Amino acid sequence: MDDPQTHSTVSILHNAVIVTMDPDSRVFLNGAIVIEQDSITAVGQSSAILRHFSAPAHRVFDLNGQIVLPGFINTHVHTSQQLARGIADDVDLMTWLHDRIWPYESNMTEEDSYISTLLCGIELIHSGVTCFAEAGGQHVSGMARAVELLGLRACLAESIMDSGDGLPTTWANRSTDDCIESQKELYKKHHNTGDGRIRVWLGIRQIMNATDGLLLATRDIAKELKTGIHMHVAEIAYENQFVTDTRKVDHGTVTHLEQIEFLQKNLLAAHTVWVNASEIDCLSRAEVKVSHCPAAAMRMLGFAPIREMIDAGICVSLGTDGAPSNNRMSIVDEMYLASLINKGREVYTNGNTDPTVLPSETVLKMATINGAKSVLWDNEIGSLEIGKKADLVVINPSSWTMIPLHDCISSLVYSMRTENTVSVMCNGKWIMQDNKILNVDEENVISMAKQASAEILKRAGINIPSRMNFV
Ligand SMILES: [Zn+2]
């Protein structure tokens, strides 16, 4: 894409298929979009837009039939874990957590977190992501520095634990008060920074590492600060058993959270695999948002009842989870997997696969407008509408991956690859153009990442035994 050399603050993208994801699901087959400063000021037919808005000083981009979508929103990602990609492949869950991930994360410095977030952010941008929800890491300040530089939008959270067995010594014995105070400080320091692109949320790692006191204090502080809570919920069958044994409830995490009045509409629950019908009702009534992470679920957790949750009216969005749970941080891959896995899952619930489950338009909503609702930001992002922020992605469908193009919505979900994403704009500024990341030097980040990763593994004493005979 040639960037017209002007100093105007008005950009016009035209001759494009504009998939708005607005409430009427409008798609302009020969459309245009006007961006002034950081916001969208017009969307419509190319001819009408050019007639009304063209001026010599404006930056006009002819997209030659490429597709423009709202930027994708990844609602569950661990940016700190990017340097741990490949350190826990094909191992059981306890080895994954106790021998690999906890030692890795507890040995990270703030600089490591900065580099890890830069590397993760590069991969997110290449897959068309403009906004993500951090699941919780140790060094929010490092993450914030990277997000500010990359030009992305994010809801950042600290990894918060005030109880649990087997934690690394540096994490053990953290008091509930310390957990809350630390997050209040981070909120004060980073919330609404980076031209408003960075928000700070409260984190709860998971119920096995949280006292009820912490859960309730988090709920109250989130209300006071008017922000969200990000928590792993009902990830594995053992979690429900643990809650049943220790909290004396008859099912599991969601039942307990309902009983202590923790469930509310600013809770983003990641995974929610092990939930029964009455718990789905509880989540729906409380308007809790769910982040479905198809790849991570298949690798570690199990089949989440996504169709049932959508039928119950729950807002379900998509996440990649972290690199050691998935390896690929591409929301494009997650769209494809979400649709296929949930069609295949019908074999277990109805006896047959059902190709009509999770159709492409539903999956595209999960990655865009539902993502925006999940991160409590749908008044500004998630669709291409007048008045919203200019967060968008340009897709080139003219390649062997997507041709021929009969129905662009189904092609975006079933055929598109990460490589079809060519340009990405966030908050009115290009952060990738023609596949080139603009705000950081990709090669430099890769080289820093290789070195930082090797050093963390050495410090943490993590050895990855080989199962093959490398000679
Ligand atoms: Zn996670």
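As the structure is a computational prediction, the values presented were derived from the model and not from experiment.

**Thoughts on the domain arrangement of the chain**
Okay, step 1: Taken domain by domain, the chain comprises domain 1 (10-70 + 382-437) and domain 2 (72-374).
Okay, step 2: Each of domain 1 and domain 2 has a C-alpha centre, and the two are 29 Å apart.
Okay, step 3: Listed by partner, the interface residues are 29 residues for domain 1 and 32 residues for domain 2.
Okay, step 4: The junction of domain 1 with domain 2 conceals about 2,300 Å² of combined surface from both sides, 67% of it contributed by carbon and sulfur atoms.
Okay, step 5: Viewed at the interface, domain 2 and domain 1 are joined by one salt bridge.
Okay, step 6: One salt bridge connects Asp391 with Arg153, and the closest N-O pair in it is separated by 2.7 Å.
Okay, step 7: Our enumeration of links across domain 1 and domain 2 arrives at seven residue pairs in polar contact (both at pLDDT 80 or more).
Okay, step 8: Contributions of two or more residues to the side of domain 1 that touches domain 2 are made by β5 (67-70), β15 (392-395), α17 (408-414), β16 (421-426) and β17 (429-433).

**Some words on the UniProt feature "domain: Amidohydrolase-related" (unreviewed entry) in the chain**
Okay, step 1: Under the feature "domain: Amidohydrolase-related" (unreviewed entry), the UniProt entry names residues 67-431.
Okay, step 2: Within the segment residues 67-431, helix and strand shares are 43% and 15% respectively, and the terminal C-alpha atoms sit 17 Å apart.

**A short note on the pattern of salt bridges**
Okay, step 1: In the structure shown here, the tally under the stated rule is 21 salt bridges.
Okay, step 2: The closest approach of N and O atoms between Glu308 and Arg307, which form a salt bridge, is 3.5 Å.
Okay, step 3: Via salt bridges that share partners, Arg307, Glu308, Asp311, Arg345 and Glu346 belong to a single interconnected network.

**Considering the nonpolar core**
Okay, step 1: Membership of the largest hydrophobic core comes to 118 residues, with the highest contact counts inside it found for Val19, Phe72 and Leu364.
Okay, step 2: Every residue in contact with Val19, bar those within four places of it in the chain, is listed here: Arg26, Val27, Ile67, Val68, Leu69, Pro70, Leu364, Leu384, Cys408, Ile409 and Leu412.

**Describing the environment of Gly387**
Okay, step 1: Of note, Gly387 is situated in the loop between α16 (369-374) and β15.
Okay, step 2: Using a relative accessible area of 55% as the deciding quantity, one classes Gly387 as exposed.
Okay, step 3: It is 9.7 Å that separates the C-alpha atoms of Gly387 and Ile35, two residues lying 352 residues apart in sequence.

**Considerations on the sheet that holds strand β7 (residues 129-134)**
Okay, step 1: Sheet architecture is open: four strands sit in the order β6-β7-β8-β9, paired in parallel fashion. Only two strands of the sheet have a single neighbouring strand rather than two, namely β6 (72-77) and β9 (198-200). With strand direction ignored, the average angle separating the axes of adjacent strands in the sheet is 10 degrees.
Okay, step 2: For strand β8 (residues 153-156) and β9, the ladder comprises three bridges, and the chain directions are parallel. Bridge pairing in β9 links Ala154 to Ile198.
Okay, step 3: Running at roughly 170 degrees to β8, helix α4 (residues 140-150) makes contact with β7, β8 and β9 of the sheet.
Okay, step 4: Those strands touched by helix α13 (residues 331-344) are β6 and β7, and its axis lies near 85 degrees from that of β6.

**Examining helix α2 (residues 93-106)**
Okay, step 1: Largest kink in α2: about 30 degrees, centred on Arg100, with the proline Pro103 one to four residues after it.
Okay, step 2: Along α2, ten of the 14 residues are buried, which leaves the element largely enclosed by surrounding structure.
Okay, step 3: For α2, the secondary structure elements touched by its buried residues are α3 (110-126), α10 (294-301), α12 (323-326) and α18 (442-460).
Okay, step 4: Sitting at the head of α2, Asp92 places a side-chain oxygen 3.1 Å from the backbone nitrogen of Met94.

**What about the coordination of the zinc ion?**
Okay, step 1: Protein coordination at the zinc ion: the donors are His76 (NE2), His78 (NE2), His232 (NE2) and Asp321 (OD), at 2.1 to 2.4 Å from the metal.
Okay, step 2: The coordination sphere of the zinc ion comprises four donor atoms, whose angles at the metal cover 86 to 173 degrees; the geometry is irregular.
Okay, step 3: Look at where the donors of the zinc ion fall in the sequence and you get H-x1-H-x153-H-x88-D. Note that His78 is positioned in the loop between β6 and α2 and Asp321 in the loop between β14 (316-318) and α12, a separation of 243 residues in sequence. Note on accessibility: His78 and Asp321 belong to one class, buried.

Basis of the calculations
Numbers given to residues run from 1 along each chain, matching the order in which its sequence is written. It should be noted that, the model being predicted, local features are given only for residues of pLDDT at least 70 and side-chain atom pairs only at 80 or more, the latter also being counted only at that level, while totals for whole chains, interfaces and linings use all residues. Computation of side-chain values: all heavy atoms of the structure, hydrogens and water removed. An automatic or database domain assignment supplies the residue ranges for each domain. In this description, contact between two residues means that some pair of their heavy atoms is separated by no more than 4.5 Å. When two parts are put together, the accessible area they lose, computed with a 1.4 Å probe and summed over both, is reported as buried area. Basic side-chain nitrogens of Lys or Arg form a salt bridge, by our definition, when they fall within 4 Å of a carboxyl oxygen of Asp or Glu. Counting of polar contacts relies on pairs of N or O atoms within 3.5 Å, with two restrictions inside protein: one atom must be capable of donating a hydrogen and the other of accepting it, and residues adjacent in sequence are counted only when both atoms are side-chain atoms. Counting from the N terminus, the helices are the DSSP runs of H or I reaching at least four residues and the strands are the DSSP runs of E reaching at least two. UniProt positions are given in the numbering used here, feature names are shortened, and annotations may be inferred rather than shown by experiment. Side-chain atoms within 4.5 Å are what join buried Ala, Val, Leu, Ile, Met, Phe, Trp, Tyr and Cys residues into a set we call a nonpolar core. Per-residue accessibility, obtained with a 1.4 Å probe over protein chains only, is compared with the maximum for each type, and a residue is labelled buried under 20%, exposed over 50%, and partly exposed between these values. The pairing criterion for strands is at least two bridges between them, as found by DSSP. Only C-alpha atoms enter the line fits that serve as axes; for helices the fit covers just the stretch in contact. Angles between N-to-C directions range over 0 to 180 degrees. A residue's bend is simply the angle between two axes: one fitted to the seven residues ending at it, one to the seven starting at it. Water is not part of the atom set, so a site may look incomplete; the donors themselves are N, O and S atoms within 2.8 Å of the metal, or 3.2 Å for Na, K and Ca. Metal sites are grouped by the angles between bound donors: all angles between 85 and 135 degrees with four donors is tetrahedral, opposite donors over 155 degrees apart with the others between 65 and 115 is square planar for four donors and octahedral for six, and any other pattern is irregular.

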